[in-house]
Amino acid sequence: MRLIPLLILLILGQSLVAQKPVILSDFIQQESISDLKLHYLDDSGCSTQPSELFSGMMDSRFRQVDFSNPDSVLINNRPGSCIWFRFYFVNRSTRQFSFHLQPNLFSEFDEFRLFQRYENGLITVRKSGNIIPPRNKDVNISGSDDLRIFLPPGESDTFYLRVSLSEESVLSDLTFTVSTHQSVLMKDRSKRLIYGIFVGIMMIMVLYHIPLFVKGRETSYLYYILYILAFLIFFINKEGYIYEITPRFTSVPINIFLLEIFLLFFLLFGRSYLDTRNTLQSWDTILLLAVWFTVGGLILSFTILLLQGLGVSVPIFIQLGGLAINIVSAIGSLFLAIVPAMILTRESYQPARYFLFANLFLILGISINYALKDYSLGKHSLELGVTLQILTFSIGLSERINLLKKSKEIAQRRIIDQLRENAALKDKVNRELEDKVQERTFEIQAQKEQIEKQNKEIKYSFDYAKKIQSTVLPRTEVFDNLFGEHFIFFKPRDIVSGDFYWISQSKHRIVLTAADCTGHGVPGSLMSMLGITMLHEIVNEKNVDHSEQILNQLRLSIARTLKQEGKIGEQKDGIDMALIIYDTKTRQLEFSGANNPIYIIRNGEMLEYKGNNMPVAFYEKMSDFTRYTIDMKQGDRVYMFTDGFPDQFGGPQGKKFKYRPFKDLLLEVHDRPMEEQQRILSLIFDEWKGDLSQIDDVLIIGLRL
């Protein structure tokens, strides 16, 4: 039985001899772990336990890593599976050191777990990786995935590292290095010092140019500030400092997204700085297309980030498409920014020189960064190139602003000279005008006095005509005696009116009309006087006693008086009117109308009686007027009117009042006393008209029978 443990130790010893050890010493700064020093075990189900490894049960399943001819396990990515790596360390240092096992920066893995067993059988675990919160990582420096190794001087030990694979994991690119804790800290301090200097310079430039933008409102300053801030955010993410406080998100999409923002503001700044809209219009169109192309890439990158944040799997071809757009945007941005600058430099546009040199600094920094990335100069060449670019941009902006100021000063001097010439010319013209004005003043004064005299005479004539017309129109007392409760809303447009009303009584029959003569003012008033005279003759002297006969006779009289025979070019004057005859004994009402209706409101309902569609005058299609005979009931309201109220323009949109709202208004107020109805109609008319002019005479007669 004692031979079994000895046999196990011999097998274990042979397996360890087959794996070359990683030697740790006092002089090590950074040691790469070669293929021969690294063995792996495929654990597709992530079910292997550390105790099984340390017991030696799984040693036969470990295989040597050979990246020159890698196994299919190391080539084919299987998200969700695990790989175990075995390291055999020999510490030949004379002092106590702690060492860092460092996966390379270009591999993306969900989790690293490093297991070590002590002599008492206790197995410790150290964790790192993308899904591990920063506070739980073994080492939290710049978002790195370092794992510390503690091994006393002169001793050796075997460590096992479990790697959890994700979609972004590439095992064939995974390499390991070992560095002392002190060397890691020294590198980090120097890196942070350079980083602090770089960020400080960038923030100084931002803070310096913010007041300049606020003061001058020059868009170049705004895009310049946003360009610096975009690069700072990109730089902070690239260096990994953001992952010291938050778990690492998938680095490629976020890097692409931040780079697209950086390129967008670079293009906008270049377009504004070079003023291609005015200096190179053809190139300005190309730059605009490049801006929108970059915006498209920005939207795609943001969409990928959002979907990945929600746990949605994004197809690889979409991710490759976003990366391709990013590469094209980067190359195109430099090309489109440099070529216009070269063209404008040859055309002696001074600010273009600074723009060209600044971009050359950036290109130089990027080139050195890729060519000498394994050296300190190469690692920080991008920061140096951007710093020189930003400083050159700042000098170029100052030069550009000085040129703009000089251009404005020249333009202002030209404007001042032109204003002086205009002022001298204005003085000369004013003197000549003053002389002419003085000559004309006497003539104008004489003409003014003559016009005022004529206006007084005309106003006197109008006032006298109004007095005559008012005398001819029936007095209110006549309506009070014949009808009792009534109202007459009469509002001429001018001093005298073309609308008139007339009333006559013969025994128990009352004749009443509301008429609208052609025209308004003086012509209308003459027609109204003529109409009143003819109505008096027809009704009171000839004793015509039916409504349609009165209108027929009035039409003959007007045609005869105005010599209307239907010839071309003769006068078309006439009268639109509504005429009623009310028999107080039989309570019957006769109505005839020429273009004008009457409304009768009975028990809350409106009855409309339309007149004939022709005026009281010579007309193309004349016929006898129609007579309506209506039996009236107690409390009926009768409304007679002309078209002045419905045709008045006003309201919020300056439109006509129209007949439908006019009917609704009469229905709404018909139960009120007649005097109150008149006040309401007057108020609504004035409110509707507002500041607009009254277009026609207004006449409304209301009767309660």
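What comes next is a walk through the structure.

Here is what the cut-offs are and how they apply
Residues numbered from 1 in each chain as written. Predicted model: local features only at pLDDT ≥ 70, side-chain atom pairs only at ≥ 80, totals over all residues. Heavy atoms only, no water. Pairing = 2+ DSSP bridges. Helix = DSSP H or I, 4+ residues; strand = E, 2+ residues; numbered from the N terminus. Axes fitted to C-alpha atoms, helices over the stretch in contact; angles between N-to-C directions. Contact = heavy atoms within 4.5 Å. Buried < 20%, exposed > 50% of the residue type's maximum accessible area, 1.4 Å probe, protein only. Polar contact = N/O pair within 3.5 Å; in protein donor to acceptor, adjacent residues only side chain to side chain. Disulfide = S-S within 2.5 Å. Phe/Tyr/Trp six-rings, centres within 6.5 Å; stacked < 30°, edge-to-face > 60°. Lys NZ or Arg CZ within 6 Å of the ring centre and 35° of its normal. Salt bridge = Lys/Arg side-chain N within 4 Å of Asp/Glu carboxyl O.

A sheet is described by the order of its strands in space; here 5 strands give the open sequence β12-β23-β20-β17-β18, paired in antiparallel fashion. The open sheet has two edge strands with one neighbour each: β12 (486-491) and β18 (605-609). Across the sheet, the mean angle separating the axes of adjacent strands is 15° when strand polarity is ignored. Looking at chain direction, β12 and strand β23 (residues 698-704) are connected through 6 bridges and run antiparallel. Its bridge partner lying in β23, histidine 486 is registered against leucine 703. The strands that helix α16 (residues 659-669) touches are β17 (598-602), β18, β20 (637-641) and β23; relative to β17, the one it contacts most, it runs at about 35°.

What follows concerns the pairing of strand β5 (residues 82-91). With 10 of 10 residues buried, β5 is to be regarded as a mostly interior element. A two-sided burial pattern is seen for β5, the buried positions comprising Cys82, Trp84, Arg86, Tyr88 and Val90 on one face and Ile83, Phe85, Phe87, Phe89 and Asn91 on the other. In this structure, β5 lies alongside strand β10 (residues 156-164), joined through 9 bridges in antiparallel fashion. When the sheet's bridge partners are listed, arginine 86 is paired in β10 with tyrosine 160.

Residue placement: aspartate 138 occurs in the loop between β8 (123-128) and β9 (147-150). Polar side-chain contacts of aspartate 138 include one of 3.2 Å to the side chain of arginine 126. Non-local contacts of aspartate 138, meaning those with residues more than four positions away in its chain, are made with Arg126, Lys127, Asp146, Leu147 and Arg148.

Glancing now at the state of the cysteines. Defined simply, a disulfide is a covalent bond joining two cysteines at their sulfur atoms. One pass over the structure, following the stated rule, counts 1 disulfide. Bridging cysteine 46 to cysteine 82, the disulfide has an S-S length of 1.9 Å. The sign of the S-S torsion, about 100°, decides the handedness of the disulfide formed by cysteine 46 and cysteine 82: right-handed. Of the two residues, cysteine 46 sits in the loop between β3 (39-43) and α2 (50-54) while cysteine 82 sits in strand β5, which places them 36 residues apart along the sequence. When its relative accessible area of 24% is taken as the criterion, cysteine 46 is described as partly exposed. Since its relative accessible area comes to 1%, cysteine 82 is described here as buried.

Now for the packing of aromatic side chains. By the definition in use, this model includes 32 aromatic pairs. With centroids separated by 6.5 Å and ring planes inclined at 15°, the aromatic side chains of phenylalanine 234 and phenylalanine 262 adopt a geometry described as stacked. Of this pair, phenylalanine 234 sits in helix α5 (residues 219-239) while phenylalanine 262 sits in helix α6 (residues 251-274), placing them 28 residues apart in sequence. Here phenylalanine 234 matches phenylalanine 262 in class, with each residue buried. Feature note: the residues Phe198, Tyr224, Tyr227, Phe231, Phe234, Phe262, Phe266, Phe269 and Phe355 constitute an aromatic cluster, connected by ring pairs. Positioned over the ring face of phenylalanine 62 is arginine 86, at 4.7 Å from the centre of the ring.

With that settled, consider the pattern of salt bridges. Inspection of the entire model under this criterion finds 21 salt bridges. In this structure, the salt-bridge partner of arginine 63 is aspartate 71, at a minimum N-O distance of 3.4 Å. Residue classification places arginine 63 among the partly exposed residues on the basis of a relative accessible area of 46%. For arginine 493, the salt bridge goes to aspartate 494, with nearest N and O atoms at 3.4 Å. The structure contains a network of salt bridges with shared partners spanning Glu111, Arg113 and Arg162.

In this fold, valine 472 is placed in helix α12 (residues 381-472). On the accessibility criterion, valine 472 (32% relative accessible area) is partly exposed. Separated by 220 residues in sequence, valine 472 and leucine 692 have C-alpha atoms that sit 30 Å apart. Apart from the residues lying within four places of it in its own chain, the contact partners of valine 472 are Met529 and Ile532.

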